[in-house]
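# Structural description and commentary
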Protein chains: 2
Amino acid sequence: MIKHLVIIGTGLIGGSFALALKRKGLVERVTGVGRGRANLEHALKLGVIDAIGESVAAAIKDADLVFAAIPVGGMPALFQELADSLPPGALLTDAGSTKLDVIAAARAALGGKIGQFIPGHPIAGAETNGAGAAHAHLFEGKPVILTPLPENRAEDVALVESLWQACAARVARMSETDHDRVFAAVSHLPHLAAFALMEELADRPDADLFFSFAGTGFRDFTRIAGSHPEMWRDIALANREALLGELDTYIGKLRDIRGMIESRDGQALEDLFARARQARTNWIKGKKT
Amino acid sequence: MIKHLVIIGTGLIGGSFALALKRKGLVERVTGVGRGRANLEHALKLGVIDAIGESVAAAIKDADLVFAAIPVGGMPALFQELADSLPPGALLTDAGSTKLDVIAAARAALGGKIGQFIPGHPIAGAETNGAGAAHAHLFEGKPVILTPLPENRAEDVALVESLWQACAARVARMSETDHDRVFAAVSHLPHLAAFALMEELADRPDADLFFSFAGTGFRDFTRIAGSHPEMWRDIALANREALLGELDTYIGKLRDIRGMIESRDGQALEDLFARARQARTNWIKGKKT
């Protein structure tokens, strides 16, 4: 049981975590902290939080658990604030979409308190945001990655894990390096690819003609281009090294396909498309690829 | 009323056209022709067609309307067959995903019969195929593009248009050049981009690790990578010129984004993502972009 949970960044992720734990009776009191006063008041009215914290330091004085659910670009400044104010008995976890840089920022700021930080990443993004979008079922069946530190106590990691399990999430543990490498490929790159297509089309003088005939394939392909610009700016910069590599690989593959079209190599195109289709069918079926 | 409709390629598109017209009582008799005997027998059993044609020439002898719903790569050979056998009173239309090349093939083969051919393109792709996937409601609310020829009679174009309208499709007319340019951007390129991502990931030695953490964003982005390899090979080759241009533009945009990440230009990234998001929101809302 968490007596006092403090959510820093009371949006879709932070708010849904609070609601899911409340629903399970696993948290007594939730305080929300955030940049937007209107959003916090909305969260209070909706019962997502029980109180608004006037500052991080004031809010976390008697916290058992602090959940940092803000874009990763804001983490270094937050860790600076927490360095002095995080109470010795409190645990800190996060929802940052990248882990190497968040952990580096935590190490740089938290000093001897680093063991209190259990890094995490719930995979439940959506194109909605704000406390109004939060709901208790957001994490059901969704993956949550924990990338524990050598300084963490096993029982603290187990506690954070059990809270996510109470949200019905599927919790996995991996190294922060593996985390960033995997998500660069299966999440960050696709987001960039969708943003790129959408922005490029919108920039054409006759964009309306194009959009008027875009169908359901286009709609699904570009769904993630509706994601939050600031959050994705932060992710792109935070996972810079892995993403540059992924972009190069992807551009290389597109160039391969371009070459096949240019040289009219129908067999190579059909083979590539068939491998892609088979891989996707296997993945959807939950088979090995 | 169509007395005898012949469907060449009795798959999702051809079968659904037959079922929709039957449901409206606009067709008396449907004959299916195709490469796969099992599929044709399945179509007969399901009532999608009323008879199996043993050959194109035999099937179309007394046809009023012939609907060519095969991958565009097969169109030139089909037009060669039709050059001799298409009866003078019959209309021919198609479902080809590209129009410049299909029309060029028709002109090359059909000679004086070119006026009987009303080129069309229903936009109702799905990742299912075969007659078993066909259903009478497939085209409801979906766009169908007609790219009429100068040689077409106005009343013939109007008849084909009225049949698609009876399927509850939204019919638009445009030039074949505009058609190919628009669909290269909003359909063909996204398909290539999805195939590329899926195939590249599947080819990695640790592909399973990546796929095991791919989430809903990845699922939607890659949905169209489940499309039919042969059909998309044909489209890629048929719309070669426009697609090469689109690929270059898209690769250029990805390179721009790569440059922004490399130079840590957060503002440029955020602005680009925000423009993309705004364009998508406008598109979804049906606004001007």
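None of the values given here were measured: they were computed from a predicted structure.

In many analyses, interface size is given as the accessible surface area lost on bringing the parts together. All names here are of chain A. Taken domain by domain, chain A comprises domain 1 (2-174) and domain 2 (178-285). Each of domain 1 and domain 2 has a C-alpha centre, and these two points are 31 Å apart. Contact with domain 1, which involves 17 residues of that partner, is made by 16 residues of domain 2. Counting the surface lost from both domain 1 and domain 2, the interface buries some 1,300 Å², and carbon and sulfur atoms represent 64% of this. For Arg35, the salt bridge is made with Glu230, and the minimal N-O distance between the two is 3.5 Å. Joining domain 1 to domain 2, the criterion identifies 4 residue pairs in polar contact (both at pLDDT 80 or more).

With the rule as written, the count across this model stands at 48 salt bridges over all chains. Note that A:Arg29 is salt-bridged to A:Asp62, the shortest N-O span being 2.9 Å. You can see A:Arg29 sitting in strand S2 (residues 27-33) and its partner A:Asp62 sitting in the loop between helix H3 (56-59) and strand S4 (65-68), a full 33 residues away along the chain. Its relative accessible area of 35% is what places A:Arg29 among the partly exposed residues. You can call A:Asp62 partly exposed: its relative accessible area is 45%. Salt-bridge contacts for B:Arg258 lead to B:Glu262; the nearest nitrogen and oxygen are separated by 3.1 Å. With B:Arg258 and B:Glu262 both in helix H11 (residues 240-262) and 4 residues apart, the pair spans about one turn of that helix. Look at B:Arg258 and you get buried, because its relative accessible area is 15%. Of the residues examined, B:Glu262 reaches a relative accessible area of 42% and is grouped as partly exposed. Via salt bridges that share partners, A:Arg35, A:Glu230, A:Arg233, A:Asp234 and B:Glu270 belong to a single interconnected network.

This paragraph deals with the sheet that holds strand S2 (residues 27-33) of chain B. Residues and elements named next belong to chain B. The sheet built from 6 strands is open, its strands ordered S3-S2-S1-S4-S5-S6 with parallel pairing. What marks the edges here is a single partner per strand, and that holds for strand S3 (51-52) and strand S6 (117-118). Where helix H1 (residues 12-23) meets the sheet, it contacts strand S1 (2-8), S2 and strand S4 (65-68), and its direction lies at approximately 165° from that of S1.

Now for the pairing of strand S8 (residues 143-146) of chain A. Residue and element names in this part refer to chain A. Taking every second residue as pointing to the same face, both faces of S8 are buried, with Pro143 and Ile145 on one and Val144 and Leu146 on the other. Two elements, strand S7 (residues 120-122) and S8, share 3 bridges in a ladder whose sense is antiparallel. For Pro122, the partnering residue across the bridge sits in S8 and is Val144. The pairing of S8 with strand S9 (residues 170-173) spans 4 bridges and is parallel. Bridge assignment links Pro143 to a residue of S9, and that residue is Arg170.

So, on to unusual backbone geometry. Negative phi values dominate among residues other than glycine, just as trans dominates among peptide bonds. Of note, A:Arg264 is a non-glycine position whose phi angle comes to about 55°, a positive value. With respect to the helices and strands, A:Arg264 occurs in the loop between helix H11 (240-262) and helix H12 (266-285). Residue A:Arg264 is classed as exposed on the basis of its relative accessible area, which comes to 57%. At B:Ala168, a residue that is not glycine, the phi angle is positive and equals roughly 70°. Note that B:Ala168 resides in the loop between helix H6 (154-166) and strand S9 (170-173). For B:Ala168, a relative accessible area of 39% puts it in the partly exposed group.

Once that is clear, we can look at the nonpolar core. If you look at the biggest cluster of nonpolar residues, it comprises 142 residues, and the most contacted ones within it are A:Phe79, A:Phe117, A:Tyr250, B:Phe79, B:Phe117 and B:Tyr250. For B:Phe79, the contacting residues outside a window of four places in its chain are B:Leu92, B:Val102, B:Ala105, B:Ala106, B:Ala109, B:Leu110 and B:Phe117.

Turning our attention to the sheet that holds S9(A). All names here are of chain A. In spatial order, the strands read S7-S8-S9; together these 3 strands make up an open sheet with mixed pairing. Edge positions in the sheet fall to S7 and S9, since each has one partner strand and no second. When the angles between neighbouring strand axes are averaged without regard to direction, this sheet yields 20°. Against the sheet, helix H6 (residues 154-166) makes contact with S7, S8 and S9, and its axis sits at roughly 150° relative to S9, the strand it touches most.

Quick look at the relation of the copies chain A and chain B now. The relation between the two chain copies is a rotation about an axis coupled with a shift along that axis. Overlaying chain A on chain B yields an RMSD of 0.0 Å, the required transformation being a rotation through 180° with an accompanying axial translation of 0.0 Å. Interpreted geometrically, this transformation is the action of a two-fold axis. Taking C-alpha positions as reference, the residue of chain A nearest the rotation axis is A:Phe221, located at 2.0 Å.

To continue, consider the environment of B:Ala59. All names here are of chain B. Tracing the backbone shows Ala59 in helix H3 (residues 56-59). Linking Ala59 and Asn39, residues 20 residues apart in sequence, is a C-alpha distance of 17 Å. If near-sequence neighbours (up to four positions away) are discounted, Ala59 is found in contact with His4, Val6, Thr31, Val33 and Gly53.

Right, let's talk about helix H12 (residues 266-284) of chain B for a bit. The end-to-end C-alpha distance of H12(B) is 27 Å, a good match for the 27 Å that 19 residues give at a rise of 1.5 Å each. Those residues of H12(B) that fall on the buried side of the exposure criterion are B:Gly266, B:Leu269, B:Leu272, B:Phe273, B:Ala276, B:Ala279, B:Arg280, B:Asn282 and B:Trp283. If you follow the buried residues of H12(B), they end up packed against helix H7 (176-202), helix H8 (207-212), helix H9 (216-221) and helix H10 (229-238) of chain A together with H11 of chain B. Directly beyond the C-terminal end of H12(B), a positive phi value near 75° is found at B:Gly286.

It is worth spelling out the interface of chain A and chain B at this point. At the interface, 86 residues of chain A touch 86 residues of chain B. Summed over both partners, the interface of chain A with chain B comes to about 8,500 Å²; 68% of that surface belongs to carbon and sulfur atoms. Three residues stand out in chain A for area buried against chain B, namely A:Phe213, A:Arg277 and A:Trp283, and they jointly supply 9% of the buried area on that side. The tally of links from chain A across to chain B stands at 14 salt bridges. For the salt bridge of A:Asp220 with B:Arg223, the shortest nitrogen-to-oxygen distance reads 2.5 Å. Those elements that place two or more of their residues in the side of chain A that touches chain B are S8, H7, H8, H9, H10, H11 and H12 of chain A. At 18 residues, the largest contribution of residues to the side of chain A that touches chain B is made by H7(A). Split into classes, the residues belonging to the side of chain A that touches chain B amount to 49 nonpolar, 11 polar and 26 charged.

Conventions and cut-offs
- Throughout, a residue's number is its position along its own chain's written sequence, starting from 1.
- Labels follow written order: the first chain is A, the first ligand is 1, and so on.
- Totals for whole chains, interfaces and linings use all residues, but because this is a predicted model, local features are given only for residues with pLDDT of at least 70 and pairs of side-chain atoms are given and counted only at 80 or more.
- Processing note: side-chain calculations cover all non-hydrogen atoms of the structure and skip hydrogens and water entirely.
- Boundary definitions for the domains trace back to an automatic or database domain assignment.
- In what follows, a contact means two residues having at least one pair of non-hydrogen atoms within 4.5 Å.
- The term buried area denotes the loss of accessible surface (1.4 Å probe radius) that occurs when two parts are joined, taken as the sum for both partners.
- Here, a salt bridge means any Lys or Arg side-chain nitrogen found within 4 Å of an Asp or Glu carboxyl oxygen.
- Two N or O atoms count as a polar contact when they lie within 3.5 Å, although within protein this holds only if one can serve as hydrogen donor and the other as acceptor, and sequence-adjacent residues are included solely when both atoms are side-chain atoms.
- Secondary structure elements are defined from DSSP: runs of H or I of at least 4 residues count as helices, runs of E of at least 2 residues count as strands, and each element is numbered from the N terminus.
- Exposure is judged per residue with a 1.4 Å probe applied to protein chains only, and the accessible area is read against the type maximum: over 50% gives exposed, under 20% gives buried, and values in between give partly exposed.
- By this definition, two strands are paired if DSSP reports at least two bridges between them.
- An axis is simply a line fitted to the C-alpha atoms; with a helix, the fit covers only the stretch in contact. Between two such axes, the angle follows the N-to-C directions and lies from 0 to 180 degrees.
- In these notes, a set of buried Ala, Val, Leu, Ile, Met, Phe, Trp, Tyr and Cys residues joined through side-chain atoms within 4.5 Å is what counts as a nonpolar core.
- The copies were overlaid by least squares, fitting only the C-alpha atoms of residues that reach a pLDDT of 70 or more in each copy.
- Working rule for helices: expected span equals 1.5 Å times residues minus one.
- Asp, Glu, Lys and Arg are counted as charged, while Ala, Val, Leu, Ile, Met, Phe, Trp, Tyr, Cys and Pro are counted as nonpolar; the rest, among them Gly, fall into the polar class.

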